[in-house]
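# Survey of secondary and tertiary structure
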Amino acid sequence: REIKFRGINNDGNWCFGDLIQSNNDHNVWIHSPKINHTYKVAPATVGQYTGLRDSDRREIYEGDIVKATLKEPSFVKRFKLQNEIVGEMLFDNAWWIKERETVNLIPPWR
């Protein structure tokens, strides 16, 4: 999958591209290879691309709030899940959806 990030720059606009971090001063930048420009972004707004797209073909990033409909009834029953999960995308060696106070591995979805 494509590895890229997004973050909000000082003008309040989303920037997309490669992540650059400074160990010395904790500054964070996004370098956009398409236009060969680097933007300083707010660290709290940075999220990694999940490799997934929503039903409108928009890219889904870490921190986005998503709604997933589970396709596999046995998965729902076995893990005692709702048929739909709504939550924030998180990353911890795999993509997860945080639903209230529980965290669910991203299941097969429609």
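Residues numbered from 1 in each chain as written. Predicted model: local features only at pLDDT ≥ 70, side-chain atom pairs only at ≥ 80, totals over all residues. Heavy atoms only, no water.

Time to look at the pattern of salt bridges. Enumeration over the complete set of coordinates arrives at six salt bridges. In this structure, aspartate 56 engages arginine 58 in a salt bridge whose closest nitrogen and oxygen atoms are separated by 3.3 Å. Beyond isolated ion pairs, a larger network of salt bridges with shared partners links Glu2, Lys4, Arg53 and Glu59. (Salt bridge = Lys/Arg side-chain N within 4 Å of Asp/Glu carboxyl O.)

Turning our attention to the packing of aromatic side chains. Here the structure, examined in full by the defined rule, presents two aromatic pairs. Both rings, one in tyrosine 49 and one in tyrosine 61, keep their centres 5.5 Å apart while their planes meet at 45 degrees; by these two values the pair is tilted. Taken as a pair, tyrosine 49 in strand 5 (residues 47-53) and tyrosine 61 in strand 6 (residues 59-61) lie far apart in primary sequence, 12 residues in all. Tyrosine 61 carries the same exposure label as tyrosine 49, and that label is buried. Among the aromatic side chains, those forming a connected cluster through ring pairs are Phe16, Tyr49 and Tyr61. (Phe/Tyr/Trp six-rings, centres within 6.5 Å; stacked < 30°, edge-to-face > 60°. Helix = DSSP H or I, 4+ residues; strand = E, 2+ residues; numbered from the N terminus. Buried < 20%, exposed > 50% of the residue type's maximum accessible area, 1.4 Å probe, protein only.)

For the rest of this paragraph, the subject is the pairing of strand 3 (residues 28-32). With respect to burial, strand 3 is a largely interior element, four of its five residues being buried. Between strand 2 (residues 14-21) and strand 3, which pair antiparallel one after the other, the connecting turn spans six residues, and histidine 26 there sits at a positive phi close to 65 degrees. Taken together, the five bridges between strand 3 and strand 4 (residues 37-41) define a ladder with antiparallel strand orientation. Its bridge partner lying in strand 4, histidine 31 is registered against threonine 38. Here strand 3 hands over to strand 4 after four residues, with asparagine 36 in that stretch at a positive phi of 50 degrees. (Pairing = 2+ DSSP bridges.)

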